[in-house]
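Each chain, letter by letter, is given below.
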Amino acid sequence: MGKKRVLVPAKDVDLSLVRYEPETVQAPHLTGFGFRLLVRLIEAPLIGPLLMNYLKKENKIDELLRNTVIPEEPMFKPEYPPQEKEPGVVELDEDGRPEDRVESALNCLPHYDPAELWESSSADFRYWKIRDYAHAYRSRKVTPSMIAERIISIIEENGIDKPPTPLLITFDAAEVRKQAAASTQRFEAGNPLSILDGIFIAIKDDIDCLPHSSKGGSTWLHEVRAVKKDNVSVSRLRSCGVIFIGKANMHELGMGTTGNNPNYGTARNPHAPDRYTGGSSSGPAAIVASGLCSAALGTDGGGSVRIPSSLCGVVGLKINYGRSSMEGSLCDSGTVEVIGPIASSVEDAMLVYAAMLGSSPATRISMKPSTPCLPTLSFDDDTNALGSLRIGKYTPWFNNVHSTEVSDKCEDALNLLSKVHGCEVIEVVIPEILEMRTAHVVSIGSECLCSLNPDCEEGKDVKLTYDTRTSLALFRSFTAADYIAAQCIRRRNMHYFMEIFKKVDVIVTPTTGMTAPIIPPSALKNGETDMQTTGYLMRFVVPANLLGFPAISVPVGYDKKGLPIGLQIIGRPWAEATILRVAFAVEKLSGESKKRPVSFYEVLRAN
């Protein structure tokens, strides 16, 4: 008696009474024998449900779901009101040729002289941009085949199973050479397909890319799921001349935030090989940060593009849910996950995004997406567009980090935006953040379990890693009523954020609540469970997934140990152009030169 909690309708919530409740995750940190024992216990018929119920009670999951009366009706996927057109943008034809969209994106970029920088002898570290590679190819300083040989040599010399690799799960040198030779021939004939022709890109192992299988970081998924054609985004990039180097490492089935993978080895952070890359798109972010590729494709269902991008010091774009087709990926029927680009610069992420975008026919009917746009960074009016920008900040949430170095660097970036461009920072209040996190866990967990159940019923689950099995045990404890309650919470959260977006254009937070965590040596063989770390890594990323908003992580500096820190910019529905504009400005103003990662490969101007 007395446990029931009744929520007032979201539209009637008094924001002046809302108090931020810091999230505290109650769960043991285990590796080795202790972790294996825990998994055996939670999978046991009688004691397992008791243990799971205890952990859920300690973390208020049942209190937020089963003991609460939620007046809103469920929202099973993001729903948005019509959106106003963004200022200072160029519209793209999502039914047109990807090559044409990439050309439009190129025209949106500011002036840049690759020839001048190519001849520069500056000792400052910098990542080579896609435009640098294109200049090198067009001026015949190098060919795609020459770059391919350098990349193949690096991969074969290190072996795909040694630190700072394993960056790749599947690699075929002959296939890379074949693609590079075709690109080289196009340049020799003077007819490259686009600015992306000859650009090397890695694909996360849960996205289909012929001729490779999609294992999802597991040891068996490729045995029950054949790859018959490219994922839609991969196909669009291929039509632009992109060269795919292989399938990048990842946290098994995307069920983790660190990138730990005992099946193929754990990808290491290029800035500190004793630390995690972040997950689940661990390999894609590490590959870009280490200089092997200009860009990569990852998937983001719970920050899985933004988290590793932040920890590795690169840019990660989480596009709006429904902006691009998920056909040909392991999570092609979910409501929180999207495919997104990871790149070393905002402009490169923008070029890849332009190529891959395009909603599916079903999404256009159900969600009525706004026309995709890009910011006109090449024009003089970008400062005016930034000057009128209103930035939302929820200070108690913003400052809830493991180390103030993270929030301080992000605060510095905000101050620079205000000082240089006149952006207005507005304090906002976001209610029910804990409820939102719980609703996200139930939503993504139920969707993962639904897709895996047929194979688990055939006994494949025993072949999964221990931390994946831990996640599945939690997901199995959710009921249909829990799922419905989570979708009612989703609608409440959508109301709060849409009201906030009437007052601000973007919401800004740190991307993660901590920099890259150390890899416990005992976790390399069997993985680990560390929900406190997961809590810090996922603290700010959930709204964009549960509610489908576009978001981007852009580097803003380093902590005292030289570990990267990322700033997250969350946009209104379908407003990728706005967050790209802000991210580009932050990138120019961050005030610190790039640090050369400990593990870095110079493939464009190699001796």
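A short tour of the structure in this document, coming up. Since the structure is predicted, the reported quantities are computational estimates derived from the model, not experimental observations.

Thresholds applied
Residues numbered from 1 in each chain as written. Predicted model: local features only at pLDDT ≥ 70, side-chain atom pairs only at ≥ 80, totals over all residues. Heavy atoms only, no water. 1 Å grid on protein atoms, 1.4 Å probe; cavity = no way out; pocket = protein on both sides within 12 Å on 5 of 7 lines; lining within 4 Å. Points joined across faces, edges and corners; volume = space filled by probe spheres on them. Helix = DSSP H or I, 4+ residues; strand = E, 2+ residues; numbered from the N terminus. Nonpolar A, V, L, I, M, F, W, Y, C, P; charged D, E, K, R; others polar. Salt bridge = Lys/Arg side-chain N within 4 Å of Asp/Glu carboxyl O. Buried < 20%, exposed > 50% of the residue type's maximum accessible area, 1.4 Å probe, protein only. Pairing = 2+ DSSP bridges. Axes fitted to C-alpha atoms, helices over the stretch in contact; angles between N-to-C directions. Contact = heavy atoms within 4.5 Å. Parallel < 35°, antiparallel > 145°, perpendicular 65-115°, else oblique. Patch = residues over 30% accessible without salt bridge, like charges linked within 9 Å, V, L, I, M, F, W, Y side chains within 5 Å. Areas by Shrake-Rupley, 256 points an atom, 1.4 Å probe, with all protein chains shown as cover. Polar contact = N/O pair within 3.5 Å; in protein donor to acceptor, adjacent residues only side chain to side chain. Phe/Tyr/Trp six-rings, centres within 6.5 Å; stacked < 30°, edge-to-face > 60°. Expected span 1.5 Å × (residues − 1). Core = buried A, V, L, I, M, F, W, Y, C linked by side-chain atoms within 4.5 Å.

### Overview of the layout of surface pockets
Estimates place the volume of the second largest pocket at around 1,000 Å³. Around the second largest pocket, the lining is made up of 35 residues, and of these Phe125, Arg126, Tyr127, Lys129 and Lys594 lie nearest the centre. When contributions to the lining of the second largest pocket are tallied by element, the ones reaching two or more residues are β18 (551-558) and α24 (576-589). Top contributing element to the lining of the second largest pocket by residue count: β18, with 5 residues. Residues of the lining of the second largest pocket, tallied by class, amount to 13 nonpolar, 10 polar and 12 charged.

### Details of the pattern of salt bridges
Proximity of charged atoms lets side chains of opposite charge pair with each other. Applying the stated criterion across every chain yields a total of 37 salt bridges. Where Asp205 meets Lys247, a salt bridge forms, and the shortest distance between an N and an O atom there is 3.5 Å. Residue Asp205 is found in the loop between β6 (200-204) and α9 (221-224), and its partner Lys247 is found in strand β7 (residues 243-248); the two are separated by 42 residues along the sequence. Taking the relative accessible area as the measure of exposure, Asp205 reaches 0% and is therefore buried. One network of salt bridges, with partners in common, ties together Lys56, Asp62, Arg66 and Asp482.

### Topic: the sheet that holds strand β11 (residues 315-318)
Through backbone hydrogen bonds, the strands of a sheet pair up, either in parallel or in antiparallel fashion. Taken together, 11 strands build an open sheet; the order of strands is β5-β7-β6-β10-β12-β11-β18-β19-β16-β14-β15 and the sheet is mixed. With partners counted over all chains shown, the strands left at the sheet margins are β5 (168-170) and β15 (424-427), one partner each. Strand after strand, the sheet turns through a mean of 35 degrees between neighbouring axes, direction not considered. Two strands pair when backbone bridges link them, and strand β10 (residues 295-300) and strand β12 (residues 338-343) are joined in this way by 6 bridges, in the antiparallel orientation. Following the sheet pairing, Ala296 is matched in β12 by Ile342. Here helix α13 (residues 346-356) sits on the sheet and contacts β6, β10, β11, β12 and β18; the angle it forms with β12, its principal contact strand, is near 145 degrees.

### Thoughts on the packing of helix α18 (residues 433-457) against helix α19 (residues 466-476)
Where α18 meets α19, the closest approach of the two axes is 9 Å, and the angle between their N-to-C directions is 105 degrees. One finds that α18 runs roughly perpendicular with respect to α19. Counting all contacts with α18, which are made through Val441, Gly445, Cys448, Leu449, Leu452 and Cys456, the residues of α19 involved are Leu472, Leu474, Phe475 and Arg476. Broken down by class, the residue content of the contact of α18 with α19 amounts to 8 nonpolar, 1 polar and 1 charged.

### As for empty space enclosed by the protein
Any space left empty among the atoms is revealed by the rolling of a water-sized probe across them. By the definition in use, this model includes 4 cavities of 30 Å³ or more. Taken as a whole, the largest cavity encloses approximately 110 Å³ of empty space. Mapped onto the lining of the largest cavity, the elements with two or more residues apiece are α18 and α23 (542-546). Partitioning the lining of the largest cavity into residue classes produces 8 nonpolar, no polar and 4 charged. Lining the second largest cavity are 13 residues, and of these Tyr127, Trp128, Tyr133, Gly291 and Cys293 lie nearest its centre. Partitioning the lining of the second largest cavity into residue classes produces 9 nonpolar, 3 polar and 1 charged.

### Notes on the pairing of β11
Alternating positions in β11 separate into two faces, Val315 and Leu317 on one and Gly316 and Lys318 on the other, with burial throughout. Bridge analysis of β11 against β12 gives 2 bridges, and the strand direction is antiparallel. Looking across to β12, one finds that Val315 is bridged to Ala343. Where β11 meets β18, 3 bridges bridge the pair, whose relative direction is antiparallel. The partner of Lys318 across the bridge, within β18, is Ala551.

### Thoughts on a nonpolar patch on the surface
A contiguous nonpolar patch, built from Phe33, Leu37, Leu41 and Ile47 and spanning about 350 Å² of accessible area, is present on the exposed surface. Per-element accounting of the nonpolar patch gives the leading share, 3 residues, to helix α1 (residues 32-42). In this structure, Ile47 sits in helix α2 (residues 47-58).

### Observations regarding the side chain of Asn320
Mapped onto the fold, Asn320 is located in the loop between β11 and β12. Polar side-chain contacts of Asn320 include one of 3.2 Å to the backbone oxygen of Gly548.

### Some thoughts on the packing of aromatic side chains
In the structure shown here, the tally under the stated rule is 15 aromatic pairs. Consider the rings of Phe125 and Phe600, whose centres lie 4.9 Å apart with planes at 90 degrees: the pair is edge-to-face. Pair noted here: Phe125 is in the loop between α5 (114-119) and α6 (130-138) and Phe600 is in the segment after α24, with a separation of 475 residues, a long-range link. We note that Phe125, like Phe600, is buried.

### Things to note about unusual backbone geometry
The omega torsion of the bond from Leu210 to Pro211 falls at 5 degrees, within 30 degrees of zero and hence cis. Structurally, Pro211 can be placed in the loop between β6 and α9. Phi is positive for Leu253, which is not a glycine, with a value near 55 degrees.

### Here's the deal with helix α8 (residues 173-188)
If you check α8, its first and last C-alpha atoms are 22 Å apart, about what 16 residues at 1.5 Å a residue would give, namely 22 Å. Regarding α8, the residues found buried are Ala173, Glu175, Val176, Gln179, Ala180, Ser183, Thr184 and Phe187. Looking at where α8 begins, the residue whose side-chain oxygen comes 3.0 Å from the main-chain nitrogen of Ala174 is Asp172.

### Quick word on α24
Since the α-helix packs 3.6 residues into each turn, any two residues three or four apart lie on the same face. With 14 residues, α24 should reach 20 Å at 1.5 Å per residue; the first-to-last C-alpha distance of 20 Å fits that figure. When you tally the buried positions in α24, you get 12 out of 14 residues, the bulk of the element. Considered for burial, the residues of α24 that qualify are Glu576, Ala577, Thr578, Ile579, Leu580, Arg581, Val582, Ala583, Phe584, Ala585, Val586 and Leu589.

### A few points about the nonpolar core
One finds Leu196, Phe200 and Ile569 to be the most contacted residues of the largest nonpolar core, which totals 168 residues. Apart from residues lying up to four places away in sequence, Ile569 is in contact with Val506, Ile507, Val508, Pro550, Ala551, Ile552, Val554, Ile579, Val582, Ala583 and Val586.

### A few points about the environment of Phe200
For Phe200, the location among the structural elements is in strand β6. Residue classification places Phe200 among the buried positions, given a relative accessible area of 2%. Non-local contacts of Phe200, meaning those with residues more than four positions away in its chain, are made with Tyr137, Pro144, Ile147, Ala148, Ile151, Val176, Ile243, Ile245, Cys293, Ser294 and Ala295.

### Details of the side chain of Glu72
Position of Glu72 among the secondary structure elements: in the loop between β3 (68-69) and β4 (89-91). Assessed through its relative accessible area of 15%, Glu72 is described here as buried. Separated by 2.7 Å, the side chain of Glu72 and the backbone nitrogen of Ala10 make a polar contact. Ignoring any residue separated from it by four or fewer positions in sequence, one finds Glu72 in contact with Pro9, Ala10, Cys488, Arg491 and Arg492.

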